[in-house]
Amino acid sequence: QVQLAESGGGLVQAGGSLRLSCVVSGSIFSRSVMAWYRQVPGKQRELVAKITSGGSINYFGSAKGRFSISRDNAKDTVYLQMNSLQPEDTAVYYCNAWRWNDYDYWGKGTLVTVSS
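Residues numbered from 1 in each chain as written. Predicted model: local features only at pLDDT ≥ 70, side-chain atom pairs only at ≥ 80, totals over all residues. Heavy atoms only, no water.

**Side note on the overall build of the protein**
When helices and strands are counted, the protein shows zero helices and 11 strands. Across the protein, helices and strands are ordered from the amino to the carboxyl terminus as β-β-β-β-β-β-β-β-β-β-β. Taken over the C-alpha trace, the protein has a radius of gyration of 13 Å; the compact-globule value for 116 residues is 13 Å, and the two agree within 12%. Projecting the C-alpha coordinates of the protein onto the three principal axes gives extents of approximately 40 × 25 × 20 Å. By residue count, 39% of the 116 residues in the protein fall in the buried class. For the protein, the proportion of contacts with a sequence separation of at least 24, taken over those separated by at least 6, is 53%. Entry remark: accessible area of the protein is about 6,300 Å², with carbon and sulfur atoms responsible for 47%. Charge-centre separation for the protein: the mean point of 12 positive side chains lies 2 Å from the mean point of 8 negative side chains. (Helix = DSSP H or I, 4+ residues; strand = E, 2+ residues; numbered from the N terminus. Rg over C-alpha atoms; globule rule 2.2 N^0.38 Å. Buried < 20%, exposed > 50% of the residue type's maximum accessible area, 1.4 Å probe, protein only. Contact = heavy atoms within 4.5 Å. Areas by Shrake-Rupley, 256 points an atom, 1.4 Å probe, with all protein chains shown as cover. Lys, Arg positive; Asp, Glu negative; His and termini not counted. Charge placed at Lys NZ, Arg CZ, Asp CG, Glu CD.)

This is the structure:
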């Protein structure tokens, strides 16, 4: 059974940093595209960053230049290092494991709150 478990969220002051982690169980990690999304209540979930099984990385929106995604295939874990956090980064952050025409799994999310 596939499970994604995020951790690392919390309360941080503006300008601070957090590192999110997502551990994937179920033997799919190494062949998955891994991504981080975030969602603010009342708004659509938005893609923050993604990393392919081969290590290609893309950042989206305001994450560019501030966030860094990485993966450790030995630990079945993907990370999101978030620096220079701002109040508008406040959201629930979700981990996603995806493979084209095969599967699409989600974690339950971890809350990041950035105070001004």
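Past the structure itself, the notes keep going.
**Regarding the packing of aromatic side chains**
For the coordinates displayed, the defined rule picks out three aromatic pairs. The ring of W106 is capped by R45, whose NZ or CZ atom sits 4.7 Å from the centre of that ring. (Phe/Tyr/Trp six-rings, centres within 6.5 Å; stacked < 30°, edge-to-face > 60°. Lys NZ or Arg CZ within 6 Å of the ring centre and 35° of its normal.)

**Considerations on the state of the cysteines**
Two cysteines form a disulfide when their sulfur atoms are joined by a covalent bond. For the structure on display, the rule yields one disulfide. A disulfide bridge connects C22 with C95, and the sulfur atoms are separated by 2.1 Å. Disulfide C22-C95: torsion about the S-S bond near -85°, hence left-handed. Of the two residues, C22 is situated in strand β3 (residues 18–25) and C95 in strand β9 (residues 91–99); the sequence distance between them amounts to 73 residues. Taken individually, C22 and C95 each receive the classification buried, so the pair is uniform in this respect. (Disulfide = S-S within 2.5 Å.)

**What about the sheet that holds strand β8 (residues 77–82)?**
Spatially, four strands are ordered β1-β3-β8-β7 in an open sheet, and the strand pairing comes out antiparallel. Strands at the two margins of the open sheet, each flanked by one partner only, are β1 (3–7) and β7 (67–72). For this sheet, the mean inter-axis angle between neighbouring strands, taken without regard to orientation, is 15°. Two elements, β1 and β3, share five bridges in a ladder whose sense is antiparallel. (Pairing = 2+ DSSP bridges. Axes fitted to C-alpha atoms, helices over the stretch in contact; angles between N-to-C directions.)

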